[in-house]
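Below are the chains, spelled out letter by letter.
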Amino acid sequence: RSKTTPSKRSVTPNPRVHSSSAIDADRLRRSVTPTSTVPANVDHEPFKNPNSKKTVPTFSRVPSSIAHDPEPGRVRVAVRLRPRNAEDLASDADFADCVELQPELKKLNLRKNNWSSESYKFDEVFTETASQKRVYEVVVKPVVESVLSGYNGTVMAYGQTGTGKTYTVGNLGKNDASERGIMVRAVEDIIANTSSVHDSVEVSYLQLYMETIQDLLAPEKVNIPIVEDAKTGEVLLPGASMTKIHDLDQFMELLQSGETNRHAANTKLNTNSSRSHAILMVYVKRSFVGTREAHVSSYENATGATEQDHMGVNMLRKSKLLIVDLAGSERINKSGSEGQLLEEAKFINLSLTSLGKCINALAENTPHIPFRESKLTRILRDSFGGSARTSLIITIGPSARHHAETTSTIMFGQRAMKVVNMMKVKEEFDYESLARKLESQVDNLTKEIDRQQKLRDNYIGQMEKKLKECQLSFVEAEKSLIARSEILEKDNARLEVEMKAVSNELDHQKDCNRFLLEEMTRLEMSIEQYKQTQHENSTYQKALADTTQMYEKQIAA
């Protein structure tokens, strides 16, 4: 169920505790595989506000508080000492405090008597002067960073009644903001570092009262069942109301409304003793774009795909922050509880005893963890021995009158420090975003198809119109061609007749030309003969003239 360090029943002085934790850290580093835990060489900027950006943010997987931690999954335990109240001052005026703190060494000395004390080492030790802000910054803020990075987280306050658990966890700080408790500060940090566009923050506020789960934001919902997912083993509360948070003022109103519905009573140990365990569940969903990192998500483990296969696809990280204000353990002879208060005290002590059994079993690495003995332990199943990052604040008082209760609380914290969770990021495809994107694409494609269909219909109408015009034009052209053809045929026939006539005329002219040529030849011959005759006549006449002249001369003579 979990990786735990080798346990030791007895609480040892500081050197041995330190040595044991060093050995445990070395074993943890060797036993945890990279796919189960987180790589230590990945940078992270968990507190960048993405509200100013419209695009889906990308952010790395591991906050620096985990990357540089040799034991990232171990339950962190801090102890906080309550200042002396009026009753302590009156009852223990002549006695020294049973607790001595050494915050610089992160050690606590518990006095048995004036000459004997035992030393215990914790992850953080807060004196009675520690501010609410310092407690949050040191203990809770690393868990909130992890939740913003996709890990589940749990912050829980445990201690005797009247030691300041509700003040530490649930104080609203109406009159003084510096007095605000863990719940308000954690949700304020989450709202400040998530995007209202791409991320969502929802809360449920419940109380476990006499082994029944009641909704503090919807008091009519009582006896809410606990359901475990058969595939993932995740604990679900399907009947609890979930409210989406938009700003801190809205959350403060919800918290105030829930506190008025919580059971409280006046006992000898506390004038406003919580009679139920209050559990604030903050559900964070963050969208981001998948990147090439050496991490295998739960989806990839199931399908065998890697992030390289869906690089650039919107992914969704779902994380849950549990902030638990446990009701204080009390001894009946000291609290003076009777009647209904006695019944409430029985159920409170029973559930805290069950929680202690689970912590002991996890610390000792036993095969069976009795989570089902109580509804409280079922709800906190992921917080101890699961996949969440858990921080525990144990609150104690200084009075020696409550030495036994203080010792029990310290021992509970010591055993809780030995529990190691296997932190995992819950990562999956952003199906809702993908569905919205696909629906948008389908709508756009449908519109485009309609537009293309209209254009096609218009084009077909225009083409049909043009086709009809072409057909009419073709018919008219055909008629015109037929008429023209008939005219041309008539002209052709006429021309053939004329050509025959011309041919005949040419033949006649040819005959005439031949006749004329013959006539010309004959005439030329006649002219030649005439010329010859003329020449002969001229010669004859000349001879006749000469003869005549000669005869005349002879006659004259």
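Being a predicted model, the structure only gives us computed values, none of them experimental. (Residues numbered from 1 in each chain as written. Predicted model: local features only at pLDDT ≥ 70, side-chain atom pairs only at ≥ 80, totals over all residues. Heavy atoms only, no water.)

Quick look at the overall build of the protein
1) Next: Counting its secondary structure elements, the protein contains 13 helices and 19 strands.
2) Next: Counting only residues that meet the buried cut, the protein has 42% of its 557 residues in that class.
3) Next: Considering only intrachain contacts with a sequence separation of at least 6, the fraction spanning at least 24 residues in the protein is 73%.
4) Next: Split by element, the accessible area of the protein, about 30600 Å² in all, is 54% carbon and sulfur. (Helix = DSSP H or I, 4+ residues; strand = E, 2+ residues; numbered from the N terminus. Buried < 20%, exposed > 50% of the residue type's maximum accessible area, 1.4 Å probe, protein only. Contact = heavy atoms within 4.5 Å. Areas by Shrake-Rupley, 256 points an atom, 1.4 Å probe, with all protein chains shown as cover.)

Remarks on a nonpolar patch on the surface
1) Next: On the surface, a cluster of nonpolar side chains totalling about 280 Å² of accessible area is made up of Y431, L434 and L438.
2) Next: Relative to the assigned elements, Y431 resides in helix α13 (residues 431-556).
3) Next: Overall, the relative accessible area of 46% leaves Y431 in the partly exposed class. (Patch = residues over 30% accessible without salt bridge, like charges linked within 9 Å, V, L, I, M, F, W, Y side chains within 5 Å. Salt bridge = Lys/Arg side-chain N within 4 Å of Asp/Glu carboxyl O.)

Considering the confidence of the model for the protein
1) Next: In this model, the protein carries a mean pLDDT of 81, and residues with pLDDT of at least 70 account for 80%.
2) Next: Long-range and interchain partners of residues 1-60, a stretch whose pLDDT sits below 50, account for 117 contacts in this model, where long-range means more than four residues apart. (pLDDT = per-residue confidence, 0-100.)

Side note on the sheet that holds strand β4 (residues 107-111)
1) Next: Overall, antiparallel pairing links the three strands, which are arranged β3-β4-β5 in an open sheet. The open sheet has two edge strands, β3 (99-102) and β5 (117-121), and neither has a second partner. Strand-to-strand, the axes of this sheet are offset by a mean angle of 20°, without reference to chain direction.
2) Next: Pairing of β3 with β4, which is carried by four bridges, proceeds in the antiparallel orientation. Residue pairing across strands places L101 opposite L108, the latter belonging to β4. (Pairing = 2+ DSSP bridges. Axes fitted to C-alpha atoms, helices over the stretch in contact; angles between N-to-C directions.)

Observations regarding the pattern of salt bridges
1) Next: Inspection of every chain in the model, using the stated rule, returns 21 salt bridges.
2) Next: Between E137 and K141 there is a salt bridge, with its nearest N and O atoms 3.6 Å apart. Pair noted here: E137 and K141 are both in helix α4 (residues 132-148), with a separation of four residues, about one helical turn.
3) Next: The salt bridge involving R514 is made with D511; its shortest N-O contact spans 2.5 Å. On the criterion of helical spacing, the pair formed by R514 and D511 is a turn pair, its members being three residues apart in helix α13.
4) Next: One continuous salt-bridge network, built from bridges that share partners, spans E228, R372, R378 and R381.

Digging into the packing of helix α6 (residues 182-192) against helix α7 (residues 248-261)
1) Next: As a packed pair, α6 and α7 sit with axes 10 Å apart at the nearest point and diverge in direction by 150°. Here α6 is positioned roughly antiparallel relative to α7, judged by the angle of their axes. Where α6 crosses over α7, the handedness of that crossing is right-handed. Listed contacts from α7 to M183, V184, V187, E188 and I191 of α6 are L248, F251, M252 and L255. (Parallel < 35°, antiparallel > 145°, perpendicular 65-115°, else oblique. Left-handed = near helix turned anticlockwise from the far one by under 90°.)

Overview of the UniProt feature "binding site: ATP" (unreviewed entry) in the protein
1) Next: Residues given the UniProt feature "binding site: ATP" (unreviewed entry) here are G159, Q160, T161, G162, T163, G164, K165 and T166.
2) Next: Within the secondary structure layout, G162 lies in the loop between β7 (153-159) and α5 (165-170).
3) Next: On the basis of relative accessibility, which here comes to 22%, the residue G162 falls in the partly exposed class.
4) Next: Structurally, T163 is set in the loop between β7 and α5.
5) Next: You can call T163 buried: its relative accessible area is 5%.
6) Next: Apart from the residues lying within four places of it in its own chain, the contact partners of T163 are R82, T395, I396 and G397.
7) Next: Among the polar contacts listed, one links the side chain of T163 to the backbone oxygen of Q160, at a separation of 2.6 Å. (UniProt positions renumbered as here; feature names shortened; annotations may be inferred. Polar contact = N/O pair within 3.5 Å; in protein donor to acceptor, adjacent residues only side chain to side chain.)

Side note on α4
1) Next: Where α4 bends most, the angle comes to about 50°, and this point is V140, followed within four residues by the proline P142.
2) Next: A large share of α4 lies buried, amounting to 12 of its 17 residues.
3) Next: Every buried residue of α4 is listed here: Q132, V135, Y136, V139, V140, P142, V143, V144, E145, S146, V147 and L148.
4) Next: With its phi angle positive at about 105°, G150 sits one or two positions after the end of α4. (Bend = angle between axes of the 7 residues up to and from the residue.)

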